[in-house]
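Commentary on secondary and tertiary structure
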Amino acid sequence: VQLMESGGGLVQPGGSLRLSCAASGNIYSIGIMKWYRQAPGKQRGFVARLFSDGGTYYSDSVEGRFTISRDDAKNTGYLQMNSLKPEDAAVYSCNAMIRGSGNSDFDERWGQGTQVTVSS
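None of these values were measured; they are calculated from a predicted model.

1. Focus on unusual backbone geometry
Even without being glycine, N75 reaches a positive phi, approximately 50°. In this fold, N75 is placed in the loop between strand 7 (66–71) and strand 8 (76–81). With phi around 50°, S83 is a residue other than glycine that occupies positive phi space. Relative to the elements of secondary structure, S83 occurs in the loop between strand 8 and strand 9 (90–100).

2. Concerning the sheet that holds strand 3 (residues 17–24)
Pairing is antiparallel in the open sheet, where four strands are placed in the order 1-3-8-7. The strands lining the two open edges of the sheet, one partner per strand, are strand 1 (2–6) and strand 7. Here the strands of the sheet are splayed against their neighbours by 15° on average, with no regard to which way each runs. Relative to strand 3, strand 1 runs antiparallel, the two being bridged by five bridges. Of the residues in strand 3, the one forming a bridge with L3 is A23.

3. Here we look at the environment of I32
Among the structural elements, I32 can be located in strand 4 (residues 27–38). In sequence terms I32 and S52 are 20 residues apart; their C-alpha atoms lie 5.7 Å from each other.

4. Concerning the nonpolar core
Residues W35, V47, F66, L79, M81 and Y92 are the most contacted members of the largest nonpolar core, which totals 27 residues. Mapped onto this core, the elements with two or more residues apiece are strand 3, strand 4, strand 5 (45–50), strand 7, strand 8, strand 9 and strand 11 (114–118). Looking at this core, the element that brings in the most residues is strand 9, giving five residues.

5. Considerations on the pairing of strand 8
Most of strand 8 sits inside the fold, with five of its six residues counted as buried. Here six bridges tie strand 3 to strand 8, and the two strands are oriented antiparallel to one another. Opposite R18, over in strand 8, you have Q80 as the bridge partner. As paired elements, strand 7 and strand 8 share six bridges and run antiparallel to each other. Within strand 8, the residue paired with F66 across the bridge is M81. Hairpin connection from strand 7 to strand 8: four residues lie between these consecutive antiparallel strands, with N75 at a positive phi of about 50°.

6. Focus on the pattern of salt bridges
Going through the model one piece at a time under the given rule, you end up with three salt bridges. For R37, the salt bridge is made with D88, and the minimal N-O distance between the two is 2.9 Å. In this pair, R37 is assigned in strand 4 and D88 in the loop between strand 8 and strand 9, connecting sequence segments 51 residues apart. We note that R37, like D88, is buried. As a salt-bridge pair, R65 and D88 come within 2.7 Å of each other at their nearest N and O atoms. Of this pair, R65 sits in the loop between strand 6 (56–58) and strand 7 while D88 sits in the loop between strand 8 and strand 9, and the two are 23 residues apart along the sequence. One exposure class covers both R65 and D88, and it is buried.

Reading guide: rules and limits
Residues numbered from 1 in each chain as written. Predicted model: local features only at pLDDT ≥ 70, side-chain atom pairs only at ≥ 80, totals over all residues. Heavy atoms only, no water. Helix = DSSP H or I, 4+ residues; strand = E, 2+ residues; numbered from the N terminus. Pairing = 2+ DSSP bridges. Axes fitted to C-alpha atoms, helices over the stretch in contact; angles between N-to-C directions. Core = buried A, V, L, I, M, F, W, Y, C linked by side-chain atoms within 4.5 Å. Buried < 20%, exposed > 50% of the residue type's maximum accessible area, 1.4 Å probe, protein only. Salt bridge = Lys/Arg side-chain N within 4 Å of Asp/Glu carboxyl O.

Structure follows, in structure tokens:
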């Protein structure tokens, strides 16, 4: 089972991007999905969390601007980022608890990350 992010790129301040996190492999179900980000010279930080029941939680820095969602039929999670600021620039990584087919437990998986640059 693997996770792969896409959708990163260069955007001007105030612009929007939607990141995707696609899970592939023999998947039975996906539990909690999260997004993290890491800017150069900084530690990786939490961005958003989406529970299986649809509940969400955001860091204060992105609350009201970012929206986390998922499409279980596509085994894909999303992070819609609006009103982007230069300080949002970072490598964004998704994290998910995934239960593979034939497994009874959920395993934690990380994607490789996608770069988001916010600059005029």
